[in-house]
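Read off the chains here:
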Amino acid sequence: MAEEWKKAASPDGLHAVLRCVSAPSKEQEEKFVSFLRKHYGTDKVELTIRRDPSIGGGFILEIGSEQYDWSRRGIARQFERRIDEARAKARADSPDRVIPMLRDAVDHFHVLAQSEEVGEVVTAGDGIVTIDGLEHVQYGEIVLFENGVKGMVQNIGDDGVGAILFDEEGTIGEGSRVIGTGKRAGIPVSEEYLGRVVNALGAPIDGGDPITADEYRAIEQKAPGIVERKSVSVPLATGILSIDSMFPIGRGQRELIIGDRQTGKTSIAMDTILNQKGKDCICVYVAIGQKASTIASLVNTLRQNGAMDYTIVVSSTASDPAPLQYIAPYAATSLAEYFMHRGQDVLIVYDDLSKHAVAYRTISLLLGRSPGREAYPGDVFYLHSRLLERSSRLSDELGGGSITALPIIETQDGDVSAYIPTNVISITDGQIFLESDLFFEGQRPAVNVGLSVSRVGGAAQTKAMKTAAGSLRIDLAQYREMEVFTQFSSDLDDTTRSQLKQGQILMELLKQPLGHPMSLSDEVITLTAAQGKKLLDLPVEQVKDFQAGLLQYIAGKNPDLTSEIEKSGILDAGQKQKILDLTDEYKAQRSADAAGEYGTDKGNTGEN
């Protein structure tokens, strides 16, 4: 308990408390009293001096809900604030003079008599605190508790302020003191984050060296306006044949990946990240509410494939408090915006926003907000819209950088009409729907052609892919419909049999193993051969083997063809015919090899 040393008797006037480790001298005490008289315009000052070893050193002067903090922590906070102000001013006025201006700020630093508003914790628990006082804080402001834990203001009401904690409660309890910092919640950013695994506050958790930050960005940023944006027209290849051919994704687009649990949603996102190798695209993967072991496995996969060189993993595991899971995607987006505003292209994966919504619901219910549909608060739509709207392609005047978002949503039993799925579908520019039945049938990735869509469409597709894909989506839709109607029929005409066989071949070609994204030329060659009906006479079980052999044959026989498609992104009539001719050549060679092998076997059998 704090020990009271001295109390100056006074019937009325100003009541102040001086907290310190060791008692002030008579001269120091007179200076404090003189300061109070002058600052508050009264001659009647009652000063209570209390011993408080927790402040570490120096003095804290308290007058009601105001305080002047000249303790070690308070002086450190003042110094940090002064440095931040000097850095921001230097970057705005003369970026080349950042270091000299910082040196000047350090050399001329002196402690000021700056008052701070002090609040008192009323309740604390489950990562939420309610505070009495702090009448002048703003939504999203960082508050600092006396044990050093930071929180963020999330609710402002008549009965006090609600804040979320960025750490466990620890020693925060009823009566704990808290001050506003005047700063919005943010994350340090720099190039050094590439290749690292960090938590929602930007602190490294991979056991590596500390990260030096270039600047501090607020986690909540205003989305670019219409004038600041440019239309989506540059493709972002996923390396997944079914997506690149039918639901193309462009740089700056927001494409939702939606489906039941364990249907390959994360696998699509991971393949897309792996496919960005050597394509000058930075990737940010945000894990929200995932198991730590799952995240470790993903990081290991990225490392083995050399993808961590251009990837940042922001992790907020299922064991983290709900407030950290809530801010994780916003912090990751601020990190992505740092690169976007430098003119770079960024791909960000939110895995997944269903768990993010659950974390926000938890916080809202603990803060006493009114529940709505499915117990989510009324502003849950704004929760995701203000996050996803930050993904865009900037105009050339702003550097032309982009953020492409792949949010992931988990459905229950394929129900896309639930609250959170419908919200995010309406925010994004299309969705890739993964169907459980297709997945269990062995069709992986299990993309449902009927429910999946890209609202950007052919604007974000290379001409080569557009030419090669042709009417692929319509063909597959017709095949699925025809398959249902003809599964009980044995008497089919030749045209129907041909359509069914072509559909089976196309579905087989769209199967793709995990961790093996395809290049543009491989996708174009595969589709050109398939759409040219060159695979119709093959048994379905031999299609994948034929595809692998064909790609290898063309790469060895005519490497210029593949490099031309990759560089130009165009497939002209001559190149298309060349692919069909080479397919015929390979098919003839394959048949001759098979015949020769069969003949040898027969000969061996005859000799024996």
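This structure is a prediction, so every number in the text was calculated from the model and none was measured.

Calculation rules
- Residues numbered from 1 in each chain as written.
- Predicted model: local features only at pLDDT ≥ 70, side-chain atom pairs only at ≥ 80, totals over all residues.
- Heavy atoms only, no water.
- Axes fitted to C-alpha atoms, helices over the stretch in contact; angles between N-to-C directions.
- Helix = DSSP H or I, 4+ residues; strand = E, 2+ residues; numbered from the N terminus.
- Parallel < 35°, antiparallel > 145°, perpendicular 65-115°, else oblique.
- Contact = heavy atoms within 4.5 Å.
- Nonpolar A, V, L, I, M, F, W, Y, C, P; charged D, E, K, R; others polar.
- Phe/Tyr/Trp six-rings, centres within 6.5 Å; stacked < 30°, edge-to-face > 60°.
- Buried < 20%, exposed > 50% of the residue type's maximum accessible area, 1.4 Å probe, protein only.
- Lys NZ or Arg CZ within 6 Å of the ring centre and 35° of its normal.
- Disulfide = S-S within 2.5 Å.
- 1 Å grid on protein atoms, 1.4 Å probe; cavity = no way out; pocket = protein on both sides within 12 Å on 5 of 7 lines; lining within 4 Å.
- Points joined across faces, edges and corners; volume = space filled by probe spheres on them.
- Pairing = 2+ DSSP bridges.
- Core = buried A, V, L, I, M, F, W, Y, C linked by side-chain atoms within 4.5 Å.
- Left-handed = near helix turned anticlockwise from the far one by under 90°.
- Salt bridge = Lys/Arg side-chain N within 4 Å of Asp/Glu carboxyl O.

**Q** Report on the packing of helix H14 (residues 494-509) against helix H15 (residues 520-531), specifying residues and quantitative values.
**A** Relative orientation of the contacting elements H14 and H15 amounts to 170°, with a least axis distance of 11 Å. In this view, H14 runs roughly antiparallel relative to H15, as classed from their interaxial angle. Listed contacts from H15 to Gln502, Leu506 and Leu509 of H14 are Thr526, Ala530 and Gln531. Classifying every residue of the contact of H14 with H15 gives three nonpolar, three polar and no charged.

**Q** Pulling in residues and values, what's your account of the packing of aromatic side chains?
**A** Centre distance and the angle of the planes are the two values used to describe a pair of aromatic rings. Counted by the stated rule, this structure contains seven aromatic pairs. Centre to centre, the rings of Tyr326 and Tyr360 are 5.3 Å apart; their planes meet at 25°, and the pair counts as stacked. Taken as a pair, Tyr326 in helix H7 (residues 322-340) and Tyr360 in helix H8 (residues 353-366) lie far apart in primary sequence, 34 residues in all. Of the two residues, Tyr326 and Tyr360, neither departs from the other in class, the shared state being buried. Three or more aromatic residues link up through ring pairs in this structure, and these residues are Tyr326, Tyr330 and Tyr360. Here Arg361 stacks its cationic end above the ring of Tyr376, 4.4 Å away from the centre of that ring. One Lys or Arg, Arg444, reaches over the ring of Phe439 and ends 4.0 Å from the middle of that ring.

**Q** So what's going on with the state of the cysteines? Residues and values would help.
**A** If you walk through the whole model with that rule in mind, you get zero disulfides. Residue Cys281 stays outside any disulfide, its sulfur separated by 4.8 Å from that of Cys283, the closest cysteine. Cys281 sits in the buried class, given a relative accessible area of 3%.

**Q** Break down the layout of surface pockets for me, with residues and values.
**A** Empty space within the second largest pocket amounts to approximately 660 Å³. For the second largest pocket, the lining is made up of 24 residues, of which Gln262, Thr266, Gln290, Thr294 and Asp351 are closest to its centre. Elements represented by at least two residues in the lining of the second largest pocket include exactly helix H5 (265-274), strand E16 (281-290), helix H6 (292-304) and strand E19 (402-410). With six residues, H5 is the single largest residue contributor to the lining of the second largest pocket. Residue classes in the lining of the second largest pocket are distributed as five nonpolar, 11 polar and eight charged.

**Q** How would you sum up the pairing of E19? Please name residues and give values.
**A** In terms of burial, E19 is a largely internal element, eight of the nine residues being buried. The pairing of strand E15 (residues 256-259) with E19 spans three bridges and is classified as parallel. By the bridge assignment, Ile257 is partnered in E19 with Ile408. Taken together, the six bridges between strand E18 (residues 345-351) and E19 define a ladder with parallel strand orientation. Looking at the pairing, Leu347 lines up with Thr404 of E19.

**Q** Could you give an account of the nonpolar core, with specific residues and numbers?
**A** By size, the foremost hydrophobic cluster in this structure holds 73 residues, and its most contacted members are Ile273, Leu302, Val313, Leu476, Leu535 and Ile565. Aside from chain neighbours lying at most four places away, what touches Leu535 is Ile505, Leu509, Ala529, Ala530, Val543 and Phe546. Grouped together as the second largest cluster of nonpolar side chains are 58 residues, Ile187, Phe339, Tyr350 and Tyr360 included.

**Q** An account of the packing of H15 against helix H16 (residues 543-557) is requested, with residue identities and associated values reported.
**A** Interaxial distance between H15 and H16 falls to 10 Å at its minimum, and their mutual angle equals 120°. Between H15 and H16, the angle is such that the two are oblique. In the crossing of H15 with H16, the sense of the turn from one axis to the other is right-handed. Between H15 and H16, the residues in contact are Asp522, Ile525, Thr526 and Ala529 and Gln547, Leu550, Leu551 and Ile554, respectively. Looking at side-chain class alone, the contact of H15 with H16 contains five nonpolar, two polar and one charged residues.

**Q** Quick rundown of H5? Include the residues and the values.
**A** Taken across its 10 residues, H5 has eight buried, putting it largely inside the fold. Taken residue by residue, H5 has Lys265, Ile268, Ala269, Met270, Asp271, Thr272, Ile273 and Leu274 as its buried positions.

**Q** Tell me about the pattern of salt bridges, residues and numbers included.
**A** Per the counting criterion, the structure on display carries 17 salt bridges. The partner of Glu337 in a salt bridge is Arg390, and the shortest N-O contact between them spans 2.9 Å. With Glu337 in helix H7 and Arg390 in the loop between helix H9 (380-388) and E19, this pair connects stretches of sequence that are 53 residues apart. Taking relative accessible area as the criterion, Glu337 reaches 2% and is therefore assigned buried.

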